[in-house]
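Residues per chain are reported as follows:
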Amino acid sequence: MSDIKPVDYESFKKQIPLFKEKSEEFYNKTMNMKDYKSFSGKYGSYAQRGGKKNMLRLRMTAGKVTPDKLHFVADMADKYAIEPIHFTTCQTIQLHNLDLDAVVDIMDKALDHKIVWYGGGGDYPRNVMCSPLSGVEEEYFDVMPYAETAANFLLDFIDKEKMPRKLKVGFSNNQKNEPHATFRDLGFVARPDGKFDVYCAGGLGRDPKLGVLVAEDVDPNEILYYIEAMILLFRAYGNYENRAKARTRYMQDVLGADGLRKEFAKYLTQVKESRDLTLTDVEIPEITKKGEGEPLEESFIVHKQKQPGLYALLYHPRGGIVTKETVRALSDAIDGMEDVEVRLKPDEGSYIINLTADEARKILAIIEADAAKNEFETSEGCIGATICQVGLRDSQGALKAVLEAVKEAGDIADNALPQIHISGCTSSCAAHQIAPIGFRGNLKVVDKKPVPAFSMFVEGEDIQGNEKLGQEVGIIAEKDLPAFLVKLGRDITKSGLSFEEWQSANPNGLVEEAQEFFL
């Protein structure tokens, strides 16, 4: 008999009264910020900077936002006038500036739509990530159903023996490696033969590391054994004493790559001998919808799916911040459109998929005004220090400043600048360490005065087989970021090359361009 349990949404509802009780203690100032942070993360909610409002993180399993889930978010956004609404780099939707009554109400109603917030923060399994166009683009195979199954399975571990820190799991369908499956805590990487390779103990942030290949040629129906083996390995060798060294990547320091593979195999055998976790009913959806209307030309926003006549539209709001008005308009528009849904991207963007040409035209009218039109405009920034308790710099503010400066310059080619990543602190929530150009919040003393600044990283890469952690090359004052990127964009534009071509021709070019701005 299978040991796989269905998701018990009602059990999560039973957790809400305790969250409300402890949150009231915090707002009544009988619980301090540190203790509240330790408590509330399990509920997917944290107090924002200043301790006056809360945020709530809604898991969107594998980045999939069904019409029903989108409609729910639109309803809550309207009811509570929520702003900002943030598409995150972990394919969740974060709602900000909420009072306690709003958080509790949204928590309760979300579960009726199979939206889980429980375990959304803290030392628990986080939202399972997935290649956003899985099932509709050229790929080795559709990994989405396996990512969804894994996500449901992991929910059962939230109230079991505590792990040293959080666990992030990702599924990749092709070499684009959008969910960074080769350097997550645990990653399932699709192969041309319909199997998975499995990587573990990778991650960004302090002391970043690429993952270790611990298994090859894995039957997709056996993924749950590997997930539980990873949890057992983490409990055994993770650091419960020092949180700064408690993420799975530090197990590489303890065990080494070969030792990690050996111990992983040991726990895998243990799980296989003790549990029946083989999947027998995973269905790979088949899209039979037919195209309608005059075909659309492909563009930065419009993408043809592998299904003839269907399209995916790239909607990347600046910095992942979407307005409640756009959420409502999108929700109303896709209501009744066959098989249409939103897929969140791991870079704060999204796709609206399974659109006919006629449907795509309707959606384009909604998103075109604030959708990114080139790679640079898809640049990402974490929510930043104006909201986040631990943020050092206002990454959203910095991102807005550079986007506006480049646009106002008016003479920078669309292909001159890449997607940049701006993290407010060392946590790398915007994955600055794998960006072609990344920035991390910093503070530098100059002439005995503190200067808000960002450390600059270059030459990061996330494509499978070419993964590379970026190098830190210098520190730039926050106020100088726009001027630096405008200068860089203009110089590359004058060369007549794309950013990739220019970088290949000028291996030290980025550092040379930035030299005059370094503190």
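Residues numbered from 1 in each chain as written. Predicted model: local features only at pLDDT ≥ 70, side-chain atom pairs only at ≥ 80, totals over all residues. Heavy atoms only, no water.

## Quick notes on the sheet that holds strand β13 (residues 321-322)
Okay, step 1: One open sheet holds the five strands; their spatial order is β1-β2-β5-β4-β13, and the pairing between them is antiparallel. Unpaired on one side and paired on the other, β1 (45-47) and β13 mark the two borders of the sheet.
Okay, step 2: Relative to strand β5 (residues 92-98), strand β4 (residues 85-87) runs antiparallel, the two being bridged by three bridges. Counted as the bridge partner of H86 is Q94 from β5.
Okay, step 3: Its contacts with the sheet put helix α3 (residues 33-40) on β1 and β2 (54-59), and the angle it makes with β1 is roughly 170°. (Pairing = 2+ DSSP bridges. Helix = DSSP H or I, 4+ residues; strand = E, 2+ residues; numbered from the N terminus. Contact = heavy atoms within 4.5 Å. Axes fitted to C-alpha atoms, helices over the stretch in contact; angles between N-to-C directions.)

## A few points about unusual backbone geometry
Okay, step 1: Following E83, the chain continues to P84 via a peptide bond in cis, the omega torsion being -5°.
Okay, step 2: For P84, the location among the structural elements is in the loop between α4 (67-80) and β4.
Okay, step 3: Of note, the phi angle at A62 is positive, near 60°, even though the residue is not glycine.
Okay, step 4: Counting through the fold element by element, A62 comes out in the loop between β2 and β3 (64-65).
Okay, step 5: You can call A62 buried: its relative accessible area is 0%.
Okay, step 6: In the Ramachandran plot, H180 falls in the positive-phi region, its phi being about 60° despite a non-glycine side chain. (Buried < 20%, exposed > 50% of the residue type's maximum accessible area, 1.4 Å probe, protein only.)

## Regarding the packing of aromatic side chains
Okay, step 1: In this structure the tally under the stated criterion is 18 aromatic pairs.
Okay, step 2: Plain terms: the ring middles of Y43 and Y118 are 5.8 Å apart, the flat faces sit at 65° to each other, and that makes the pair edge-to-face. In this pair, Y43 sits in the loop between α3 and β1 while Y118 sits in the loop between α5 (100-111) and β6 (129-130), placing the two residues 75 residues apart along the sequence.
Okay, step 3: Judged by its relative accessible area of 3%, Y43 falls in the buried class.
Okay, step 4: With relative accessibility at 1%, the residue Y118 sits in the buried group. (Phe/Tyr/Trp six-rings, centres within 6.5 Å; stacked < 30°, edge-to-face > 60°.)

## Some thoughts on the sheet that holds strand β16 (residues 380-381)
Okay, step 1: Across the sheet, which stays open at both edges, the five strands sit in the order β16-β17-β18-β19-β20 with mixed pairing between neighbours. Of all the strands in the sheet, just β16 and β20 (471-477) have a single pairing partner and so form its edges.
Okay, step 2: The strands that helix α11 (residues 395-409) touches are β16, β17 (420-423) and β19 (449-458); relative to β17, the one it contacts most, it runs at about 150°.

## Structural notes on the layout of surface pockets
Okay, step 1: Roughly 840 Å³ of volume is contained in the second largest pocket.
Okay, step 2: Surrounding the second largest pocket, 30 residues form its lining, E375, Q419, E461, D462 and I463 being those nearest its centre.
Okay, step 3: Taken together, the residues of the lining of the second largest pocket break down into 11 nonpolar, eight polar and 11 charged. (1 Å grid on protein atoms, 1.4 Å probe; cavity = no way out; pocket = protein on both sides within 12 Å on 5 of 7 lines; lining within 4 Å. Points joined across faces, edges and corners; volume = space filled by probe spheres on them. Nonpolar A, V, L, I, M, F, W, Y, C, P; charged D, E, K, R; others polar.)

## Things to note about α5
Okay, step 1: The first and last C-alpha atoms of α5 sit 17 Å apart over 12 residues, in line with the 16 Å expected at 1.5 Å per residue.
Okay, step 2: Across the 12 residues of α5, nine count as buried, placing the element largely inside the fold.
Okay, step 3: Turning to α5, its buried residues number three or more, namely L100, A102, V103, V104, D105, I106, M107, A110 and L111. (Expected span 1.5 Å × (residues − 1).)

## Some points on the pattern of salt bridges
Okay, step 1: Per the stated rule, a full pass over the model turns up 42 salt bridges.
Okay, step 2: Residue R328 pairs with D75 through a salt bridge whose shortest N-O separation is 2.6 Å. Here D75 lies in helix α4 and R328 lies in helix α9 (residues 324-334), a separation of 253 residues in the sequence.
Okay, step 3: For D75, a relative accessible area of 31% puts it in the partly exposed group.
Okay, step 4: Salt-bridge contacts for K176 lead to E137; the nearest nitrogen and oxygen are separated by 2.6 Å. Of this pair, K176 sits in the loop between β7 (169-172) and β8 (186-190) while E137 sits in the loop between β6 and α6 (144-155), placing them 39 residues apart in sequence.
Okay, step 5: Via salt bridges that share partners, R191, D193, K195, D197 and D217 belong to a single interconnected network. (Salt bridge = Lys/Arg side-chain N within 4 Å of Asp/Glu carboxyl O.)

## Details of the pairing of strand β9 (residues 196-200)
Within a regular strand, the side chains alternate between the two sheet faces.
Okay, step 1: When you tally the buried positions in β9, you get five out of five residues, the bulk of the element.
Okay, step 2: Neither face of β9 is left uncovered, since the one carrying F196, V198 and C200 and the one carrying D197 and Y199 both have all their residues buried.
Okay, step 3: One ladder, built from five bridges, connects β8 with β9; its direction is antiparallel. Within the sheet, the bridge partner assigned to V189 lies in β9 and is D197.
Okay, step 4: Count of turn residues in the β8/β9 antiparallel hairpin: five residues, of which G194 carries a positive phi of about 85°.
Okay, step 5: Of the pairings in the sheet, the one linking β9 to strand β10 (residues 212-218) comprises four bridges and is antiparallel in character. Among the inter-strand pairings, V198 is bridged to a residue of β10, identified as A215.

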